[in-house]
Amino acid sequence: MKRFFHNVIAQGGATSRRPAFGARFFGRGSRPAKSSPSLVIAAAIFLASSLHADEPKPISFKNDVMPVFFKEGCNAGDCHGSSRGQDGFVLSLFGYDPEGDYYRLIEEHPGRRIDLPTPENSLLLTKAIGAVVHTGGTLFEKDSDSYQIILDWIKQGARPDSADTPAPTGITFSSPEHKFAKPSETLQTVVHAAYTDGSTRDVTRWCEFTTSNESVASIDDKGFITTPKSGGAHVFARFDAFSVAKTITVLPEGDFSWSDPPENNYIDTLVFAKLQDMQIQPSDLCTDEQFIRRVTLDITGKLPTYDEHQSFIKSTDPDKRDQLVDQLLTRDSYAEMLAARWSEWLRIYTDTNPGSGTAPLAGWNYYQWILEQIQDNRPVNEFAHELITGNGSNLTNPASNYYTMLVQSSRIDPLRVSEDTAQIFMGIRTQCAQCHNHPFDRWTIDDYYAFQSFFMGVRRKHGSEAREYYTYVDIDAEPAKHLVDGRPMPHKFLGGDYPDVTDKDPREVLADWLTAEDNTLFREHMANRLWYIFFGKGIVEPVDDVRISNPPSNGPLMHELGRRFAEEYHYDQKRLIRAICTSRTYQLSVATNASNASDTRLFSHADLRRLRSDVLFDCLSQATDYQHPIRRSSATRAVNMFEGGRADTYNSFFFKTFGQARRENVCIDQDNTDANLSQALHLINGHTIDHTLTRNPKLVPYLMDKYTEPSDIIGEIYIRALSRLPSEKELAGILETFTDVAERDVNTQKKKYNNVIWALLNSSEFIFNH
């Protein structure tokens with residue numbers, strides 16, 4: 001033993017560990033000197049390991065002890081994994097920094113938390129079993145696996161792992177899906193982890209389990225599934241830095257006979273296959289009147305005109321729905337509507353402060369460029385590539401505004417740009433991985449900073465005038481540095497490889513990879529964005545929150561849409577939109593049946609969707625043939641206002657009340673279509689409808705000149721607003737308020753017609769797409 005101490009001193013305390021996360025950022029200890037505590041620790045570890053040299057199974061800190069910390073919640077955000085730790089002890093959140101955790105456990109306060117001579121007295125154990133006061137309470141008992149693992153590790157000397165200790169590479173359920181024949185059945189799941197040495201281990205005991213739908217499939221902390229009722233769900237397991245999903249189907253009791261509805265294209269084949277598997281019957285087809293209104297609003301943001309409605313309804317051509325879709329996709333209003341959406345997604349937001357690089361002229365040019373790309377039907381992969389690689393003046397090269405609009409400040413923030421790029425073009429929210437491994441996805445803190453490296457060289461400088469900024473790239477810029485230890489992070493694609501960026505603009509390398517035909521992250525997310533426009537929800541929902549713990553409601557459909565969008569349509573947005581709108585799935589009725597009334601994710605019926613604020617504003621104008629004044633803009637439609645109506649002070653209350661996107665971030669669902677009392681009061685009493693009926697109204701005088709019978713006037717009012725004729729009951733009720741035609745007073749009749757218009761514009765049928 002004397003010789004041992006002599007050797008340790010001569011080696012200068014070689015067991016010293018880095019302070020890592022807690023020590024660097026929260027001041028809990030500093031790097032130990034090459035003497036004192038570390039020498040004592042090394043001696044104690046040697047002595048303890050010598051005393052217990054006959055232990056049959058070596059316990060790994062990373063592979064055995066860290067899973068205990070995770071499973072028992074020790075490194076959770078509300079315990080020692082919080083930024084401040086708990087009671088003076090900090091662990092990395094969910095265990096992303098095992099080396100730092102080992103240091104804080106063993107070396108930060110030597111002998112305090114681990115008692116090597118008498119392992120049973122270690123504070124780490126006595127607090128966990130409640131023998132010593134513990135803020136977190138009792139975590140496990142003395143006869144538990146958790147207690148025994150930590151005890152054995154301490155008995156073996158609480159040794160750090162060797163460099164060749166195998167690390168986990170992923171986890172899997174024993175089967176990726178399971179179908180229950182009826183509710184109330186159960187299943188014990190099994191999760192295996194694979195390791196770098198080729199071995200596998202059953203880690204079910206150490207996983208955290210969650211479910212997407214507790215009412216269909218609940219799962220306990222041991223991975224045991226119970227099924228209260230029929231439906232679909234996903235259960236998730238998390239271990240180390242990995243998450244995995246298992247698809248659960250619970251069939252309803254009773255007989256089921258598939259109705260075998262006709263299929264228009266591959267979308268129907270995949271949607272109906274899922275519905276049949278879930279024993280859900282799709283709704284019937286919507287009527288022609290419902291279809292023309294629905295598809296015209298979705299593609300163009302407009303109502304069908306009276307003449308368009310009449311022509312379509314009277315047509316007997318069996319292909320008239322397909323032909324209508326083709327016609328709508330050729331209109332300028334299609335490009336304007338899609339440009340309005342992309343302007344929100346890319347966050348066009350201007351002000352008069354030249355220091356931020358977001359001058360109105362730059363924003364206008366940016367919007368016009370986006371509109372031109374859609375009018376020219378430019379493939380979305382080329383569109384994305386030019387945005388990501390944009391250089392030059394924000395006034396003469398509009399694509400470079402990608403870097404001024406996303407980060408509206410005097411300097412480009414690579415961190416923010418990398419987050420927004422991942423979210424816009426892949427639907428991945430990396431923000432959670434900035435400080436720790438993502439708790440619900442595969443992305444690690446290493447992935448976060450390696451992806452940020454692509455934008456570290458992006459620079460900006462003033463141009464020849466105050467409103468002008470030049471974007472350029474420094475190809476020699478240093479990569480991003482890791483938050484924990486400051487090491488430079490080489491460029492790495494999300495979920496991909498480490499590319500060679502030597503003497504290259506890293507953004508070019510990234511854009512080439514991102515927009516490649518075989519990049520499923522890009523192609524499936526771009527397809528899902530378009531799907532969201534026409535269904536009000538994505539196959540992955542929220543659309544821009546793609547993660548393992550938020551899987552698609554119909555995986556085969558998601559994959560096939562992405563594949564065709566890239567490989568067959570070559571990223572032509574019109575072709576994918578046509579496939580969606582001509583599918584029977586898109587044309588299903590909002591009316592439900594007994595089997596699909598509770599379905600919210602599988603597209604077995606259409607959903608009622610409240611019109612977004614700019615479209616609703618335009619439809620109010622169109623239905624009444626009244627042009628609402630728009631201030632500080634040359635636009636005649638709200639959807640044409642390049643920054644979403646922020647500059648229109650006259651109608652700003654309407655846009656705010658009806659949830660116009662504020663463009664504070666790049667989230668896809670910023671336009672709030674929830675209904676509230678303020679909206680109802682504004683439509684009833686506000687100036688938006690009132691002015692259409694009282695300030696030089698054109699519609700009613702025009703209709704009174706066109707028709708002699710009140711029923712005909714009322715019929716066209718209905719068609720203009722709701723794309724349908726009134727029912728017999730509705731028409732009879734309205735006509736009761738009219739006097740004999742020969743005796744009527746013209747002004748009185750105009751007021752009565754205005755009352756009809758007012759009632760229709762305030763109806764849910766007008767405000768919603770259905």
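Notes on the structure follow. As a convention, each chain's residues are numbered from 1 in the sequence order in which they are written. For this predicted model, a pLDDT threshold of at least 70 governs which residues receive local features, and a threshold of 80 or more governs which side-chain atom pairs are given and counted, while totals over whole chains, interfaces and linings are taken from all residues. As a convention, hydrogens and water are excluded, and side-chain values are obtained from all of the structure's heavy atoms.

We call a set of buried residues a nonpolar core when its members are Ala, Val, Leu, Ile, Met, Phe, Trp, Tyr or Cys and they connect through side-chain atoms within 4.5 Å of each other. A 1.4 Å probe rolled over the protein chains alone gives each residue an accessible area, and that area as a share of the maximum for its type sets the label: buried under 20%, exposed over 50%, partly exposed in between. One finds Trp342, Ile370 and Phe425 to be the most contacted residues of the largest nonpolar core, which totals 105 residues. Of the residues forming this core, the biggest block, 10 residues, is contributed by helix 19 (residues 520-535). Any two residues whose heavy atoms approach within 4.5 Å at even a single point are treated as in contact. Contact partners of Phe425, with chain neighbours within four places excluded, come to Ala384, Leu387, Ile388, Tyr402, Leu514, Leu521, Phe522, His525 and Met526. Counting 48 residues, the second largest nonpolar core, distinct from the first, contains Leu125, Ile129, Phe180 and Val191. Per the convention used, a helix needs a DSSP run of H or I reaching at least four residues, while a strand needs a run of E reaching at least two, with both numbered from the N terminus.

A few words now on the pattern of salt bridges. For side chains bearing opposite charge, pairing can occur when the charged atoms are close. Salt bridge, as used here, is a side-chain nitrogen of Lys or Arg placed within 4 Å of a carboxyl oxygen of Asp or Glu. Under the defined criterion, the tally for this structure stands at 43 salt bridges. With its nearest N and O atoms 2.6 Å apart, the salt bridge here joins Arg612 to Glu344. One end of the pair, Arg612, is in the loop between strand 14 (609-610) and helix 22 (613-624); the other, Glu344, is in helix 12 (residues 332-345), and 268 residues separate them in sequence. An identical accessibility class is assigned to Arg612 and Glu344; each is buried. Of the charged contacts in the structure, one is a salt bridge between Arg563 and Glu560, with a shortest N-O distance of 2.9 Å. One end of the pair, Arg563, and the other, Glu560, are both in helix 20 (residues 555-568), three residues apart, so they sit about a helical turn from each other. Owing to a relative accessible area of 18%, Glu560 belongs among the buried residues under this scheme. The network of salt bridges with shared partners includes Arg523, Glu560, Arg563, Arg564, Glu567 and Glu568.

So, on to the state of the cysteines. Disulfides are defined as pairs of cysteine sulfur atoms found within 2.5 Å of each other. Applying the stated criterion to the full structure yields zero disulfides. With no disulfide of its own, Cys581 lies 11 Å from the sulfur of Cys286, the closest cysteine sulfur. Given the relative accessible area of 0%, Cys581 is considered buried.

Take the packing of helix 19 against helix 21 (residues 573-581) next. Helix 21 packs onto helix 19 with a crossing angle of 45° between their chain directions and a minimal axis gap of 10 Å. Relative to helix 21, the element helix 19 lies oblique. By crossing handedness, the relation of helix 19 to helix 21 is classed as right-handed. Residue-level contacts link Ala527, Leu530, Trp531, Phe534 and Phe535 of helix 19 to Gln573, Leu576, Ile577, Ile580 and Cys581 of helix 21. Of the residues in the contact of helix 19 with helix 21, the class split is nine nonpolar, one polar and no charged. Fitted lines through C-alpha atoms give the axes, limited to the stretch in contact for helices. The angle between two N-to-C directions lies from 0 to 180 degrees. These descriptions rest on fixed angle ranges, namely under 35 degrees for roughly parallel, over 145 for roughly antiparallel, 65 to 115 for roughly perpendicular, and the rest for oblique. Whether a crossing is left-handed or right-handed is set by the direction in which the near helix is turned from the far one by less than a right angle, anticlockwise for left-handed and clockwise for right-handed. Gly is put with the polar residues, along with every residue not named as nonpolar or charged; the nonpolar set is Ala, Val, Leu, Ile, Met, Phe, Trp, Tyr, Cys and Pro, and the charged set is Asp, Glu, Lys and Arg.

One can expect most non-glycine residues to show negative phi and most peptide bonds to be in trans. Cis geometry marks the peptide bond from Glu541 to Pro542, where omega comes out at 0°. Mapping Pro542 onto the fold places it in the loop between helix 19 and helix 20. Not every positive phi belongs to a glycine, and Arg347 is a case in point at roughly 60°. The exposure class assigned to Arg347 is buried, which follows from its relative accessible area of 10%. Within the chain, Asn377 stands out as a residue other than glycine whose phi angle is a positive 55°. Relative to the helices and strands, Asn377 resides in the loop between helix 13 (360-375) and helix 14 (380-388).

Purely geometric stuff here, so don't read any function into it on its own.
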